[in-house]
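# Topology and contacts: notes
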Amino acid sequence: MTCIVCKKGSTQPGTTTVSIDKGATIVVIRDVPAEICSTCGEEYIDAHIMKDVEKLVASAQKAGLNIAIQQFNAA
Ligand SMILES: [Zn+2]
């Protein structure tokens, strides 16, 4: 698809690292599937992928972790 930020580049499938700072917990998730703009680097993550990301954040919070680094595994 065409990037909606720069309106010039087109996105390519790839992976990115997402970090989420939520309450007392910071979660860094590696290898999250994303569409990445080849021009400006903007990342687009699907809603269903974000749901899985939120699950990882929730489980880290439940475990009482301050910092968690996780590998994304597509369910
Ligand atoms: Zn762009």
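Structure first, text after, so check above.
Figured I'd write up the structure that's included with this text. As the structure is a computational prediction, the values presented were derived from the model and not from experiment.

Procedures and definitions
Residues numbered from 1 in each chain as written. Predicted model: local features only at pLDDT ≥ 70, side-chain atom pairs only at ≥ 80, totals over all residues. Heavy atoms only, no water. Helix = DSSP H or I, 4+ residues; strand = E, 2+ residues; numbered from the N terminus. Buried < 20%, exposed > 50% of the residue type's maximum accessible area, 1.4 Å probe, protein only. Contact = heavy atoms within 4.5 Å. Areas by Shrake-Rupley, 256 points an atom, 1.4 Å probe, with all protein chains shown as cover. Donors = N, O, S within 2.8 Å, 3.2 Å for Na, K, Ca; no water. Tetrahedral: all angles 85-135°; square planar, octahedral: opposite > 155°, others 65-115°. Salt bridge = Lys/Arg side-chain N within 4 Å of Asp/Glu carboxyl O. Pairing = 2+ DSSP bridges. Core = buried A, V, L, I, M, F, W, Y, C linked by side-chain atoms within 4.5 Å.

If you tally the helices and strands in the protein chain, you get one helix and four strands. Dimensions of the protein chain, computed from the C-alpha atoms along their principal axes, are close to 45 × 25 × 15 Å. A total of 75 residues make up the protein chain; the buried ones form 28% of that total. Counting contacts in the protein chain only where the partners sit at least 6 residues apart, residues at least 24 apart contribute 52% of the total. When the accessible surface of the protein chain is summed, it comes to about 5000 Å², and 52% of that surface belongs to carbon and sulfur atoms.

Protein coordination at the zinc ion: the donors are Cys3 (SG), Cys6 (SG), Cys37 (SG) and Cys40 (SG), at 2.3 Å from the metal. Given four donor atoms and angles of 106 to 115 degrees at the metal, the environment of the zinc ion is assigned as tetrahedral. All donors of the zinc ion come from a single chain, and their spacing in sequence reads C-x2-C-x30-C-x2-C. Of the two residues, Cys3 is situated in the segment before β1 (11-22) and Cys37 in strand β2 (residues 25-37); the sequence distance between them amounts to 34 residues. According to the relative accessible area criterion, Cys37 is buried, its value standing at 4%.

To continue, consider the pattern of salt bridges. Per the counting criterion, the structure on display carries one salt bridge. Residue Lys55 pairs with Asp52 through a salt bridge whose shortest N-O separation is 3.7 Å. With a gap of three residues between them, Lys55 and Asp52 both fall in helix α1 (residues 47-62), about one helical turn apart. We classify Asp52 as buried; its relative accessible area is 17%.

A few words now on the pairing of β1. With eleven bridges joining them, β1 and β2 adopt antiparallel strand pairing. Residue pairing for β2: Ile20 is matched across the bridge by Val27.

Counting twelve residues, the largest nonpolar core consists of Val18, Ile20, Val27, Ile29, Val32, Ile49, Val53, Leu56, Val57, Ala60, Ala68 and Phe72. Secondary-structure elements contributing two or more residues to this core are β1, β2 and α1. Ranked by the residues each element gives to this core, the list is headed by α1, at five residues. Not counting chain neighbours up to four residues away, the residues in contact with Ala60 comprise Thr25, Val27, Leu65, Ala68 and Gln70.

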